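# A look at the structure
Next come the chains, spelled out residue by residue.
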Amino acid sequence: MPLTCRGRVRGQEPSRGDVDDALGKFSLTLIDSLDTLVVLNKTKEFEDAVRKVLRDVNLDNDVVVSVFETNIRVLGGLLGGHSLAIMLKEKGEYMQWYNDELLQMAKQLGYKLLPAFNTTSGLPYPRINLKFGIRKPEARTGTETDTCTACAGTLILEFAALSRFTGATIFEEYARKALDFLWEKRQRSSNLVGVTINIHTGDWVRKDSGVGAGIDSYYEYLLKAYVLLGDDSFLERFNTHYDAIMRYISQPPLLLDVHIHKPMLNARTWMDALLAFFPGLQVLKGDIRPAIETHEMLYQVIKKHNFLPEAFTTDFRVHWAQHPLRPEFAESTYFLYKATGDPYYLEVGKTLIENLNKYARVPCGFAAMKDVRTGSHEDRMDSFFLAEMFKYLYLLFADKEDIIFDIEDYIFTTEAHLLPLWLSTTNQSISKKNTTSEYTELDDSNFDWTCPNTQILFPNDPLYAQSIREPLKNVVDKSCPRGIIRVREESFRSGAKPPLRARDFMATNPEHLEILKKMGVSLIHLKDGRVQLVQHAIQAASSIDAEDGLRFMQEMIELSSQQQKEQQLPPRAVQIVSHPFFGRVVLTAGPAQFGLDLSKHKETRGFVASSKPYNGCSELTNPEAVMGKIALIQRGQCMFAEKARNIQNAGAIGGIVIDDNEGSSSDTAPLFQMAGDGKDTDDIKIPMLFLFSKEGSIILDAIREYEEVEVLLSDKAKDRDPEMENEEQPSSENDSQSAEQITSSSQEVDLVDQGSPEESSLNSQPESLSPADTDNAASVSPSEQISNPMENHETTSLDGECTDLDNQLQEQSETEEDSNPNVSWGKKVQPIDSILADWNEDIEAFEMMEKDEL
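For the structure given in this document, a descriptive report is provided here. In this text, all values refer to a predicted model and were calculated from it rather than measured experimentally.

Once that is clear, we can look at the packing of helix α8 (residues 170–184) against helix α10 (residues 232–249). Where α8 contacts α10, the two axes come as close as 12 Å, and the packing angle between them is 35°. As for the relative orientation of α8 and α10, their crossing is left-handed in sense. Mapping the contact onto sequence places R176, L179, D180 and W183 in α8 and F234, R237, T240 and H241 in α10. The residue makeup of the contact of α8 with α10, split by class, is three nonpolar, two polar and three charged.

Here the residue pair H579 and P580 is connected by a cis peptide bond, since its omega of 0° sits within 30 degrees of zero. When you line up the elements, P580 lands in the loop between β21 (572–576) and β22 (585–589). Omega for the peptide link from K612 to P613 comes to 0°, which places this bond in the cis form. Relative to the helices and strands, P613 is located in the loop between β23 (604–610) and α20 (623–626). Look at K25: it is not a glycine, yet its phi comes out positive at around 55°. A relative accessible area of 48% places K25 in the partly exposed class. Residue E707 is not a glycine yet carries a positive backbone phi of 70°. Residue position: E707 is located in the loop between α22 (693–706) and β28 (710–714).

Applying the stated criterion across every chain yields a total of three disulfides. Two residues share a disulfide in this structure: C148 and C151, whose sulfurs sit 2.1 Å from each other. With the S-S bond torsion at 90°, the cross-link from C148 to C151 turns out right-handed. For the pair formed by C148 and C151, the shared burial category is buried. At a sulfur-sulfur separation of 2.1 Å, the disulfide partner of C617 is C638. The sign of the -85° torsion about the S-S bond sets the C617-C638 disulfide as left-handed. Of this pair, C617 sits in the loop between β23 and α20 while C638 sits in the loop between β24 (630–634) and α21 (640–649), and the two are 21 residues apart along the sequence.

Ordered by their spatial adjacency, three strands build an open sheet running β3-β4-β5, and the pairing between neighbours is antiparallel. Either end of the sheet is taken by a strand with one partner, and the two such strands are β3 (146–148) and β5 (204–206). When the angles between neighbouring strand axes are averaged without regard to direction, this sheet yields 35°. Of the pairings in the sheet, the one linking strand β4 (residues 196–198) to β5 comprises two bridges and is antiparallel in character. Across the sheet, residue I197 finds its bridge partner in β5, namely W204.

A few words on the sheet that holds β28. Strands sit in the order β22-β21-β28-β23-β24-β25-β27 across an open sheet of seven strands; the sheet is mixed. Among the strands making up the open sheet, the edge pair consists of β22 and β27 (688–691). Between one strand and the next, the sheet's axes are offset by a mean angle of 35°, whatever the strand orientation. Bridging between β23 and β24 involves three bridges; their strand directions are parallel. Paired with S610 across the two strands is L632, which belongs to β24.

What counts, and where the lines are drawn
Residues numbered from 1 in each chain as written. Predicted model: local features only at pLDDT ≥ 70, side-chain atom pairs only at ≥ 80, totals over all residues. Heavy atoms only, no water. Axes fitted to C-alpha atoms, helices over the stretch in contact; angles between N-to-C directions. Helix = DSSP H or I, 4+ residues; strand = E, 2+ residues; numbered from the N terminus. Left-handed = near helix turned anticlockwise from the far one by under 90°. Contact = heavy atoms within 4.5 Å. Nonpolar A, V, L, I, M, F, W, Y, C, P; charged D, E, K, R; others polar. Buried < 20%, exposed > 50% of the residue type's maximum accessible area, 1.4 Å probe, protein only. Disulfide = S-S within 2.5 Å. Pairing = 2+ DSSP bridges.

Here it is, written out as structure tokens:
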């Protein structure tokens with residue numbers, strides 16, 4: 001937890017839901033980063049870390065964990081650590097005392113995971129209790145019916161390695177059985193697999209298919225299982241799937257999800273960040289051209305927003321704004337550089353490192369981005385950041401002599417753990433009977449160049465990769481946001497127009513209602529006057545009408561997102577710029593519907609001061625304290641607008657309202673905007689922002705520690721540079737980006753503070769929309785019966801308009817020309833002990849917090 005400067009312990013922090021399933025009280029980050037230390041030539045630190053693992057880590061905890069995450073991070077981390085420990089021992093300098101202790105821990109953990117495979121299908125349960133296993137009353141798990149394809153199909157490398165290292169064949173047998181079952185359940189006409197599957201019946205629960213979240217590492221492990229184990233059946237399966245991916249999902253440079261039964265029909269109009277691994281896998285397969293194309297498209301998105309959003313649309317608008325410092329793009333960059341020798345990819349890596357140092361570096365590590373549009377942080381640094389990101393970026397720039405072992409003798413797991421290739425000839429007690437059947441005869445060259453010798457295929461000719469990238473260099477910049485994203489034209493039958501478009505729909509038009517009925521779409525009139533639309537594909541007049549109905553629902557969801565955007569204001573940022581923060585801490589803030597609009601005016605910078613009275617509901621008794629400063633006021637007891645007027649009359653240049661609900665946080669609560677009092681608020685000229693309790697306490701703690709704290713109120717976080725550390729006014733003209741049309745994914749409008757009767761809620765419900773041609777708002781709820789994967793998360797504009805990216809980059813480079821982001825972090829930074837002391841009060845407050853308080 002890099003903002004509060006302590007580790008995240010399961011049960012001691014408010015639950016974050018499924019994300020916490022990776023935590024098992026087993027020193028996750030320490031284990032996950034063991035082999036990274038050896039790659040970085042930190043052999044002494046590696047030896048110390050191994051001793052700590054052996055001394056302190058307990059695998060017998062009463063904790064329910066994810067089988068998938070525990071396998072790739074902990075089991076993989078132990079095996080990767082063991083692989084490099086025996087390598088170092090053979091070299092004769094380090095680890096001479098080592099006697100397979102990490103391997104014995106890995107074996108213990110492997111046996112703890114085996115009960116998860118006790119299903120009729122052989123697919124594992126998604127979760128297991130480390131102490132009590134499955135189904136026992138005290139286990140608190142074992143009732144799940146579904147798992148993701150990647151969760152069940154990303155086990156073979158670690159489990160087979162464990163079997164080959166120990167001679168216990170049971171692990172490889174169980175992992176192979178799960179892979180065999182997934183292969184048999186593929187959709188036979190398209191050769192695609194769905195996202196989630198029933199572990200008991202084998203029925204597909206979500207029938208959309210792509211190469212991103214939920215499926216990604218299943219494909220990766222089929223190819224890498226062939227590389228590590230030498231079993232041809234894995235290669236044949238991978239190539240069969242790969243042919244289907246390139247036939248249906250790949251739409252260069254995009255990779256779009258489709259339906260497994262109707263693969264010509266797109267299932268989404270957005271892509272998730274996890275697919276960034278796929279160019280790296282294509283390099284391993286030897287299909288270099290589409291790898292270069294997709295990677296270049298992703299890089300253009302990153303250049304526009306510093307990081308890859310968790311999801312973005314086909315016209316490159318932000319769909320989900322978070323970025324948890326994922327390493328997949330860095331992984332693909334490393335593999336592309338290895339394949340092409342093109343120094344362009346070194347420049348890409350340099351950009352990644354500079355952005356991490358400039359925007360994510362905080363006193364106690366690197367903080368995930370809560371919103372790439374505003375630059376706000378989340379108190380989170382996942383273990384994969386050290387396990388993968390550091391490893392791939394170091395290897396990208398490392399010369400051969402910088403690494404103390406031959407990296408080519410190992411294969412990377414999906415968590416970038418290193419397993420030695422000599423395992424393919426060790427303890428081969430598993431019979432290599434080919435369980436693969438019914439292969440599709442492929443008429444392309446998928447089998448020609450697999451695992452190629454890169455020196456033969458790509459003789460370090462940078463012009464080859466450059467010629468492929470060139471047509472794509474402006475693909476993001478030239479794509480203006482469109483009203484409704486058109487469905488892939490192949491899905492239209494013979495070029496015929498759809499019978500009804502969402503933008504034309506009127507709930508009072510009998511002809512429209514008849515068309516909807518034919519498409520299997522029914523209307524439900526709700527008590528509040530809204531109309532809910534539900535599609536049942538089986539009620540459509542034909543399969544073609546069902547497709548038209550699905551398309552109509554997708555358009556209606558897009559239309560809903562756009563119209564909700566118009567009613568909402570974007571999130572804002574509060575950036576602490578004084579010593580010792582220097583702009584490193586960025587807090588997500590809620591906007592106000594009154595006062596100075598930070599998206600249209602220059603940001604407001606000033607020192608903060610608490611108002612008296614603290615609630616700001618009457619004339620301030622300490623006007624001299626807030627004069628010329630940004631006033632801190634507490635939520636409650638009166639209107640937001642009244643608070644703003646009182647601090648403005650006292651001479652404040654801005655205001656920050658801090659939630660009085662102790663423990664509230666933007667990490668767990670939807671952002672909301674402060675509304676006016678129903679009267680004319682044009683008299684309020686200062687900017688007003690809202691912070692939840694957790695974010696507000698960071699500022700309050702800083703005041704207690706340093707007395708004078710300076711902040712920047714803006715529409716998005718500003719670049720940090722040496723000038724900010726010298727406490728000079730930062731240049732923001734070239735860095736500021738219009739956020740006028742950016743909207744938050746979920747906002748709550750409070751007219752009156754603290755639950756007043758006049759308070760109104762404007763939550764963005766996925767179903768709610770208001771077509772322009774009808775007075776009724778329609779609520780879209782695609783039925784599960786058609787397995788519609790289109791979640792209506794709000795899609796938001798990145799810029800609001802197309803801009804000249806080249807000019808933006810040129811201007812940015814001019815402002816940053818004299819600044820070294822790496823140097824800037826070395827100035828005026830306190831020792832770690834001092835930093836920890838700085839945050840002590842905040843830490844104590846969190847420790848006292850009840851775990852369900854949020």
